[in-house]
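Close look at the chain arrangement
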Amino acid sequence: NAGIALRIPAAASVQAMTFTGCAFRLSRRGAELRSGNNLTFINTVFESNLGTGLLMRRGETSGPASSDFIGCWFENNGTTGTPGDMFSSSILLDMLPAQATTNWHNLKFTTCMVASHANAFDVYAIRAIGVIFDRCTFSPLSQGGFTPTKFNFTRNGSAIVVLIS
């Protein structure tokens, strides 16, 4: 169950979609994106009380790509969770392709806030390639910075850049 589950068929020929000032909230998952290109989310909240704030997962043939998140808030504010559980992370990038080919996803998170409870990762990435976090703030928010232990990158091929200024 997700606050929004976005699956855009390839035949739909959607070139771009923009979501501004939206709030995707549900107890299990704030939003789940399985497809779509050139998506833009501006000042949008992705929040869950028990699971992932944003889950991006590839479909059988494609997945979300070339998308921007600007000034968004990602949160899993649950107080429970198994330490290291990927489904308790604020952002879960499960981008392992159905085939062995390498695909760049071109996802950019700019000036976003990412908060998670003590047992969870801020970002859990499985073969996320071409992902940039630019001037984002990660938990603990009181430090206003980047805590490497709150990130988990698995599988060879993860290419994620974190820019801090």
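Everything numeric in this text was worked out from a predicted model, so none of it was measured.

1. Thoughts on the overall build of the protein chain
Along the protein chain, the regular secondary structure elements total zero helices and 17 strands. Of all 165 residues assigned to the protein chain, the portion counted as buried reaches 48%. Across the protein chain, the fraction of contacts at a sequence separation of at least 24, relative to all contacts at a separation of at least 6, is 71%. Put simply, the protein chain shows about 7700 Å² of open surface, and 52% of that area lies on carbon and sulfur atoms.

2. Quick word on the pattern of salt bridges
The full count for this structure, using the stated rule, is four salt bridges. With a closest N to O distance of 2.9 Å, Arg29 and Glu32 form a salt bridge. Looking at Glu32, the relative accessible area reads 8%, which means it is buried. A salt bridge links Lys108 to Asp134; its shortest N-O distance comes to 3.8 Å. In this pair, Lys108 is assigned in strand β11 (residues 107–110) and Asp134 in strand β14 (residues 129–134), connecting sequence segments 26 residues apart. Looking at Lys108, the relative accessible area reads 32%, which means it is partly exposed. A network of salt bridges, in which partner residues are shared, links Lys108, Asp134 and Arg135.

3. Some words on the sheet that holds strand β6 (residues 45–48)
The strand order across the open sheet built from five strands is β3-β6-β9-β12-β15, with neighbouring strands paired in parallel fashion. The open sheet terminates on both sides in strands that have one partner only, identified here as β3 (23–26) and β15 (137–138).

4. Digging into unusual backbone geometry
A positive phi angle, close to 50°, is found at Asn43, a residue other than glycine. Tracing the chain through its elements places Asn43 in the loop between β5 (39–42) and β6. You will see that Arg135, though not glycine, has its phi angle at about 55°, which is positive. Inspection of the secondary structure assignment puts Arg135 in the loop between β14 and β15.

5. Quick look at the nonpolar core
Counting residues in each nonpolar core, the largest one holds 26 residues, and the members touching the most others are Phe41, Phe46, Leu54, Phe69, Phe74, Phe109 and Phe133. Taken together, the elements giving at least two residues each to this core come down to β4 (31–33), β5, β7 (54–57), β10 (91–94), β11, β13 (123–126) and β14. Residue contacts for Phe46: discarding those within four places in its chain leaves Phe24, Ala31, Phe41, Gly53, Leu54, Phe69, Cys72, Trp73, Phe74 and Glu75.

Rules used in this analysis
- Residues numbered from 1 in each chain as written.
- Predicted model: local features only at pLDDT ≥ 70, side-chain atom pairs only at ≥ 80, totals over all residues.
- Heavy atoms only, no water.
- Helix = DSSP H or I, 4+ residues; strand = E, 2+ residues; numbered from the N terminus.
- Buried < 20%, exposed > 50% of the residue type's maximum accessible area, 1.4 Å probe, protein only.
- Contact = heavy atoms within 4.5 Å.
- Areas by Shrake-Rupley, 256 points an atom, 1.4 Å probe, with all protein chains shown as cover.
- Salt bridge = Lys/Arg side-chain N within 4 Å of Asp/Glu carboxyl O.
- Pairing = 2+ DSSP bridges.
- Core = buried A, V, L, I, M, F, W, Y, C linked by side-chain atoms within 4.5 Å.

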